[in-house]
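Coordinates in review
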There are 4 protein chains.
Amino acid sequence: MKALVKEVAGPGFAMKDVPEPRIRDDEVLIRVRRAGVCGTDVHIYDWDAWAQGRCRPPFVVGHEFAGDVVQVGSLVTDVHEGDRVTAEGHIVDGRCLLCRTGNSHVCPHTKIIGVDRDGCFAEYIAMPATNVWHLDDAISFDIGGIHDPMGNAFHTALTAEIPGATVLITGCGPIGLFAVGICKAAGASRIIASDVNETRLALARQMGAHHAVHPQQASEAVKRETDGLGVDVVLEMSGVPAAIHQAFELVRVGGRVQMLGIPAKPMDVNFATEVIFKGITIYGVVGRRMYDTWHQMTRFLRSGMFDPAPVITHRFPLEQFDEAIGAIKSGEAGKVIFEIA
Amino acid sequence: MKALVKEVAGPGFAMKDVPEPRIRDDEVLIRVRRAGVCGTDVHIYDWDAWAQGRCRPPFVVGHEFAGDVVQVGSLVTDVHEGDRVTAEGHIVDGRCLLCRTGNSHVCPHTKIIGVDRDGCFAEYIAMPATNVWHLDDAISFDIGGIHDPMGNAFHTALTAEIPGATVLITGCGPIGLFAVGICKAAGASRIIASDVNETRLALARQMGAHHAVHPQQASEAVKRETDGLGVDVVLEMSGVPAAIHQAFELVRVGGRVQMLGIPAKPMDVNFATEVIFKGITIYGVVGRRMYDTWHQMTRFLRSGMFDPAPVITHRFPLEQFDEAIGAIKSGEAGKVIFEIA
Amino acid sequence: MKALVKEVAGPGFAMKDVPEPRIRDDEVLIRVRRAGVCGTDVHIYDWDAWAQGRCRPPFVVGHEFAGDVVQVGSLVTDVHEGDRVTAEGHIVDGRCLLCRTGNSHVCPHTKIIGVDRDGCFAEYIAMPATNVWHLDDAISFDIGGIHDPMGNAFHTALTAEIPGATVLITGCGPIGLFAVGICKAAGASRIIASDVNETRLALARQMGAHHAVHPQQASEAVKRETDGLGVDVVLEMSGVPAAIHQAFELVRVGGRVQMLGIPAKPMDVNFATEVIFKGITIYGVVGRRMYDTWHQMTRFLRSGMFDPAPVITHRFPLEQFDEAIGAIKSGEAGKVIFEIA
Amino acid sequence: MKALVKEVAGPGFAMKDVPEPRIRDDEVLIRVRRAGVCGTDVHIYDWDAWAQGRCRPPFVVGHEFAGDVVQVGSLVTDVHEGDRVTAEGHIVDGRCLLCRTGNSHVCPHTKIIGVDRDGCFAEYIAMPATNVWHLDDAISFDIGGIHDPMGNAFHTALTAEIPGATVLITGCGPIGLFAVGICKAAGASRIIASDVNETRLALARQMGAHHAVHPQQASEAVKRETDGLGVDVVLEMSGVPAAIHQAFELVRVGGRVQMLGIPAKPMDVNFATEVIFKGITIYGVVGRRMYDTWHQMTRFLRSGMFDPAPVITHRFPLEQFDEAIGAIKSGEAGKVIFEIA
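Residues numbered from 1 in each chain as written. Chains lettered and ligands numbered in written order. Predicted model: local features only at pLDDT ≥ 70, side-chain atom pairs only at ≥ 80, totals over all residues. Heavy atoms only, no water.

A closer look at the relation of the copies chain A and chain D
Put simply, the rule reads: The copies were overlaid by least squares, fitting only the C-alpha atoms of residues that reach a pLDDT of 70 or more in each copy. Residues are treated as being in contact if the distance between any of their heavy atoms lies within 4.5 Å.
For the pair chain A and chain D, the superposition axis carries a translation of 0.0 Å, the fit reaches an RMSD of 0.0 Å, and the rotation angle comes to 180°. These values place the two chain copies in the arrangement generated by a two-fold rotation axis. Of the residues that chain A buries at the interface, 100% are likewise interface residues in chain D, meaning the two copies contact each other through the same surface.

Here you go:
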């Protein structure tokens, strides 16, 4: 089959013809229809320090996808040939203390598809049946293919208290944009989104932000909308140190900062003034709650009040992977997806 | 001043000319503009068993209102003449263990205006400044005047987890109708509302219910919308024993039943099959959380996603109190209000 | 092998020689060392209405046990021959929405060992590896054998907020007695336990109850210890209607009633005065949270502050099953266990 | 009366004769019996950068105390002459949004006694009646006098989930030592305390720590006690950057770090590896929850399972303030108190 492969320990990907995966008895084989391209894929493409420390080429890249099931292992009882599905890309052991107490998302033995084992930028992928999530008939493969980053946004937003809240979302990449829509659907009183890029700010407005502003205007917007108090919740989606400091500055005393964006390196923090004296709570977001977050996605999509479609701005065939990576790097894109089959 | 008075220990009210209330140093005097009529007022009007046990005539009736401040006590610092306000009608001691640990709504020393002391069906009312809640400029006195029952609905709905949830609301009186709109704004995935009255079901649809059905159709609607599992949350707003049993039947295992509707008398319950084996949580709703619920109301109204106006179906001058009570008794009304000044 | 069998649809058990169970690839075979006898076993022994409706003889009885692993299926990676273990007796599907969102304890497809399939009153039992829980070296098979009912007590107590709380425990059967010890170890401020039986009250005192009284004295004890306010938390462990009414009466406004005891039939409840006007929360307890509750048990046993040993009052060989059932029926017993190997 | 005064904008205190405070109608006058000396007092004594930025001499120092009421304002109904009391030293406005929604501890208008207005290192202090907390008869003035820092420890510990938890407490000053005792009483499974000072480690053992070690041994102790996983909860009580990094390192994935210790200046943090990838929650602790924390203190003291007395290591008359400050600076002290009357 056709697959996008990280072939060697250096920059770039390669389109290759590789053998179809063989499934174990507890796995299913899925024909990939759509796959999302993620910042993580850019790191692997660029072969940066993180990628060098984590990945072991060769392997098929890609961890966000949807498709239909074409083969089912003998032990699998609840997934069937022809099912339209997406999947959680974190494969956990299911038996450690964390998995057994509802914390699979931080299972220390997690293997990620497209990072630690073969991924989904290919015609087919083998997945453990326990990782498979069924799509409602009304949900397109496009939307199915972006459940993974949408799930990051749901996890980030809905582990805070959103109904009635004032929310600042720093960073309007795809996950930030999803978060705008989620907060809107969940009854946030005011949503202020910030980004340096005008295209993304326009998307944020389309997704429901009451105010979408350059970071330099964020402070004024927050203060005006909150009588100077600060927002109840910040969703930090950028990983930019200045935005993280702004999160601590603009959250109200006793508020909550959800950190998803990953700073590239250590940064100076004044815990006294930025965290402790403010009495705030900080939550570090890893992946998606298994499978509460997936359930929430299905439910929000069913409600009709949340539509992630506008976030998808670019579509490429698998062969145009350089263009796809380039679109993300441009900082102008919403979500970039591959149309595979 | 003109006031609607419960004069004697027997049925009915009387329009009377009574002295204007005099305020204490920590109170304010409010000119009443709008006042909501409540089922509790009907009990007092009818002088039923509950009213006989609780009330001590003569007193001015009414506990839901909005108006503007015309006089301010010497100790009051944060309410000013001319402020547009509504107020929490439960006057609590503020010093008992419950009040000091965030549970004022169940303060054992609560005095309710219009029940235990003079109320708001009058041209003026004296209120402790701590009970006053300011209205945003954009909020009409109509909406201000129904904050009390709206607050019951907010308390009932938002002490459950609504975003993404499937919700059954049994009973579409005013509070049930408000709850429909709240659940809609807070991102409920499916809202099924039930009532025996077609007018109210139509209002429920207008407020955002996905399905508004006769109680006899509720079971089928719930099962269809939840793959037979039952809803995550029931908001029991009727107090009708059959509806309470239906709440226990149609909530999913591990789900939550919020009980606000007050059954008139004891009823048979099978705790084994209706509660324990189902692993559900039941929450008894008293009043409004002070003042978290009030804050939520302000925030939801600001979000623009919740509009309670359609629930108001009848308006009367204070003199037409018999008609107002009659409208409620008809079972056809949404919210009934007095237009006073 | 030797096994205690429910042979026919009528009263009694029979000691039989039956084939050793054969394990599936994802199961393990456990040599049973100790097994607890439960009220459920008494229902099956007596063949009462519940048993008649639920059970399909013939099957091996018993669902509480500990032992050592003697054989391991080919797919099992984390349980080994010789491991000292106990097990969760509720076998769930692991794949339904409830299981996938942390609510396996109410999985609609639960099969219970000793009720729906062969149980543990036998020399060997086959168990899915996912249900196995390892015992610390310091934990005896005696204690291991009563993890199931201890888990009921942990689930009941620790889903309320116990540190600093005032607690009433109605019913001092084994689960109530465990709960006394758990509340003591978790820092309850005052523990009042009630039962009609003096032996059990003495055990409650031994487990740490500050007051252990006849139900007729419970009201006075609660009021004296709580300045007349009522307790923060009631753990209802009796299933007796009078105790359930007392739970509602003696819990403070805004408090919490955890219901584990199962009333034999419907009972009259005044939801208005007993639940709604009091603003309380009721939680129906099913089984044990999987596997948070098991983790809590391990942790409490490790802390050295909780010792369930005094609750075990009777020990029998498997052959003396009539005596074991009789000891439970006497109402004088704490926990009754079988010593099997 | 005699009082310890911060007289001028420079180092040191002065014993002065000052007028007795006059109370307002909503205040009470308290004869101070015992007062605790706090690190904050040392900052004011030393007149460091923080003190220079915050304090406006002259004022009476001291914010932790207990005593008996000698005079009561005309509006006060629930405090009486002769009552034995302590008090919350944060005087809040009681009317802002935060105060009205249960977050008085972060009220932006807080005035602290002994910092922003006259404090308790004096024979008498005037306090708003709403800040007064009654002492049980069994509680000595010694213990009453240290409720403020004990309350910091209760707030820090009990906003995490302690029953059954593994806990690391970094820093065994008085608040850390109180926290050890609280965690012990609340059923922590393992308590590991760290400090550089042997005297304090001995006190930590006395308060119930399972392991009390030098910070260099903390990592090994945590790993040994948690099978290498890390602790569920860290209570960071030192403010030392190395301890804060250790908190992030030794908390398990998905765990919780409660930050009370105040670092003197900004420090480098790797949010990616220390917070986000670990999926942890950080909570900044300000003061005491009003008045949930105070209620918890009363309850824990009543339970008989928590005794803070061993933490008090030094007692001085008010005149020996230089010695009291010196005892704290030595790093060898537990709690230092003044015996005033």
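Examining the domain arrangement of chain A
Residues and elements named next belong to chain A. Quick note on the threshold: Either an automatic procedure or a domain database provided the assignment from which the domain bounds are taken. Here the buried area means the combined drop in accessible surface, using a 1.4 Å probe, for two parts upon being joined, counting both sides. Whenever a carboxyl oxygen of Asp or Glu lies within 4 Å of a side-chain nitrogen of Lys or Arg, that contact is scored as a salt bridge. N or O atoms closer than or at 3.5 Å make up a polar contact, with two conditions inside protein: a donor-capable atom paired with an acceptor-capable one, and, for residues adjacent in sequence, both atoms drawn from side chains.
For chain A, the domain assignment lists domain 1 (2–146 + 308–339) and domain 2 (151–284). Inter-centroid distance (C-alpha atoms) of domain 1 to domain 2 is 28 Å. Taken together, the contact pairs 11 residues of domain 1 with 11 residues of domain 2. When domain 1 packs against domain 2, close to 940 Å² is buried across both sides, 63% of that on carbon and sulfur atoms. The largest share of the area that domain 1 buries against domain 2 comes from Pro310, Val311 and Glu332, three residues that together contribute 46% of it. Viewed at the interface, domain 2 and domain 1 are joined by 0 salt bridges. For the pair domain 1 and domain 2, the number of links is 5 residue pairs in polar contact (both at pLDDT 80 or more).

Description of the interface of chain A and chain D
In plain terms, the rule: The nonpolar class holds Ala, Val, Leu, Ile, Met, Phe, Trp, Tyr, Cys and Pro. Asp, Glu, Lys and Arg form the charged class, and all remaining residues, Gly among them, are polar. Should DSSP find at least two bridges between two strands, the strands are regarded as paired. Runs of E in the DSSP output that reach at least two residues are strands. Runs of H or I that reach at least four are helices, and both are numbered from the N terminus.
Of the residues lining the interface, 33 residues belong to chain A; the matching set on chain D comes to 34 residues. Both faces combined, the contact of chain A with chain D buries some 2,800 Å², and carbon together with sulfur accounts for 72% of it. For chain A, the biggest contributors to the area lost against chain D are Phe271, Ile276 and Ile282 of chain A; these three give 21% of the whole. The tally of links from chain A across to chain D stands at 0 salt bridges. The interface formed by chain A and chain D includes 5 residue pairs in polar contact (both at pLDDT 80 or more). Across the side of chain A that touches chain D, the residue classes tally to 24 nonpolar, 6 polar and 3 charged. Where strand 16 (residues 267–269) of chain A meets strand 16 (residues 267–269) of chain D, 3 bridges bridge the pair, whose relative direction is antiparallel. By the bridge assignment, methionine 267 of chain A is partnered in strand 16 of chain D with valine 269 of chain D.

Details of the sheet that holds strand 2 (residues 14–17) of chain B
Pairing is antiparallel in the open sheet, where 3 strands are placed in the order 2-1-4 (chain B). Strands at the two margins of the open sheet, each flanked by one partner only, are strand 2 and strand 4 (59–60) of chain B.

Considering the pairing of strand 15 (residues 251–259) of chain D
Residues and elements named next belong to chain D. Worth spelling out the cut-off: Categorising residues by exposure relies on relative accessible area from a 1.4 Å probe, with only protein chains included: less than 20% of the type maximum marks a residue as buried, more than 50% marks it as exposed, and the intermediate range marks it as partly exposed. Classification remark: right-handed applies to a crossover when, strands pointing away from the viewer, the course from the first strand over the helix to the second runs clockwise.
Most of strand 15 sits inside the fold, with 7 of its 9 residues counted as buried. The pairing of strand 14 (residues 231–236) with strand 15 spans 5 bridges and is classified as parallel. From the neighbouring strand, valine 231 faces strand 15, where its bridge partner is valine 251. In this region the chain leaves strand 14, passes through helix 9 (residues 241–250) and returns to the parallel neighbour strand 15; the handedness of that crossover is right-handed. By the bridge criterion, 4 bridges tie strand 15 to strand 17 (residues 281–284) in an arrangement that is parallel. For arginine 256, the partnering residue across the bridge sits in strand 17 and is threonine 281.

Digging into the interface of chain C and chain B
In many analyses, interface size is given as the accessible surface area lost on bringing the parts together. Tallying the contact residues gives 34 residues for chain C and 34 residues for chain B. Summed over both partners, the interface of chain C with chain B comes to about 2,800 Å²; 72% of that surface belongs to carbon and sulfur atoms. In terms of surface lost to chain B, no three residues of chain C exceed Phe271, Ile276 and Ile282 of chain C, which account for 22% of the buried area on that side. Inspection of the region where chain C meets chain B yields 0 salt bridges.

Some details on the environment of glutamate 81 of chain C
Residue and element names in this part refer to chain C. Relative to the elements of secondary structure, glutamate 81 occurs in the loop between strand 5 (64–72) and strand 6 (84–87). What makes glutamate 81 exposed here is its relative accessible area of 63%. Residues glutamate 81 and glutamate 236 lie 155 residues apart in sequence; the distance between their C-alpha atoms is 40 Å. For glutamate 81, the contacting residues outside a window of four places in its chain are Val69, Val70, Gln71 and Val72.

Comments concerning the state of the cysteines
For clarity, the cut-off: By convention in this document, the label disulfide applies to cysteine sulfur atom pairs within 2.5 Å.
Per the stated rule, a full pass over the model turns up 0 disulfides over all chains. Distance from the sulfur of cysteine 183 of chain B, which forms no disulfide, to the nearest cysteine sulfur (cysteine 172 of chain B) is 11 Å.

Considerations on the pattern of salt bridges
Between side chains of opposite charge, a pair can form as their charged atoms come close. Scanning the entire structure with this criterion turns up 87 salt bridges over all chains. With a closest N to O distance of 2.5 Å, arginine 95 of chain A and aspartate 78 of chain C form a salt bridge. A residue pair is termed interchain when its members come from two chains, as with arginine 95 of chain A in the loop between strand 7 (90–91) and helix 3 (97–100) and aspartate 78 of chain C in the loop between strand 5 and strand 6. Residue class for aspartate 78 of chain C comes out partly exposed when judged on its relative accessible area of 23%. We note a salt bridge from arginine 34 of chain D to aspartate 142 of chain D, for which the minimum N-O separation is 2.7 Å. Of the two residues, arginine 34 of chain D is situated in strand 3 (residues 27–37) and aspartate 142 of chain D in helix 4 (residues 141–144); the sequence distance between them amounts to 108 residues. Bridged by salt links that share partners, the residues Arg34, Asp142, Arg315 and Glu339 of chain A form one connected network.

Quick notes on the packing of aromatic side chains
The test is simple: Planes of paired rings set the category: under 30 degrees apart is stacked, over 60 is edge-to-face and the rest tilted, where pairs are Phe, Tyr or Trp rings (Trp by its six-membered ring) whose centres lie within 6.5 Å. To sit over a ring, a charge needs its Lys NZ or Arg CZ within 6 Å of the ring centre and within 35 degrees of the ring normal.
Within this structure, the stated rule accounts for 36 aromatic pairs over all chains. A ring pair is formed by phenylalanine 121 of chain B and phenylalanine 338 of chain B, whose centres lie 4.9 Å apart and whose planes are at 90°; its orientation type is edge-to-face. Taken together, the residues phenylalanine 121 of chain B in the loop between strand 8 (111–112) and strand 9 (124–128) and phenylalanine 338 of chain B in strand 19 (residues 335–339) connect sequence positions 217 residues apart. Phenylalanine 338 of chain B matches phenylalanine 121 of chain B in its accessibility class, with the two residues each being buried. The interplanar angle of 50° and the centroid separation of 6.4 Å between the aromatic rings of tyrosine 291 of chain D and tryptophan 294 of chain D together place this pair among those described as tilted. Of the two residues, tyrosine 291 of chain D and tryptophan 294 of chain D, neither departs from the other in class, the shared state being buried. A connected cluster of aromatic rings, assembled from ring pairs, spans Phe13, Tyr45 and Phe321 of chain A. Here the basic side chain of arginine 100 of chain A rests over the ring of tyrosine 291 of chain C, its NZ or CZ set 4.2 Å away from the ring centre.

Some words on unusual backbone geometry
The omega torsion of the bond from proline 57 of chain C to proline 58 of chain C falls at 0°, within 30 degrees of zero and hence cis. Following the sequence through the fold, proline 58 of chain C ends up in the loop between helix 2 (49–54) and strand 4 (59–60). One non-glycine residue with positive phi stands out, namely tryptophan 47 of chain C, at about 55°. As for its position among the elements, tryptophan 47 of chain C is in the loop between helix 1 (39–46) and helix 2. Residue class for tryptophan 47 of chain C comes out buried when judged on its relative accessible area of 10%. For aspartate 227 of chain D, which is not glycine, the phi torsion reads 50° and is therefore positive. On the secondary structure map, aspartate 227 of chain D appears in the loop between helix 8 (215–225) and strand 14.

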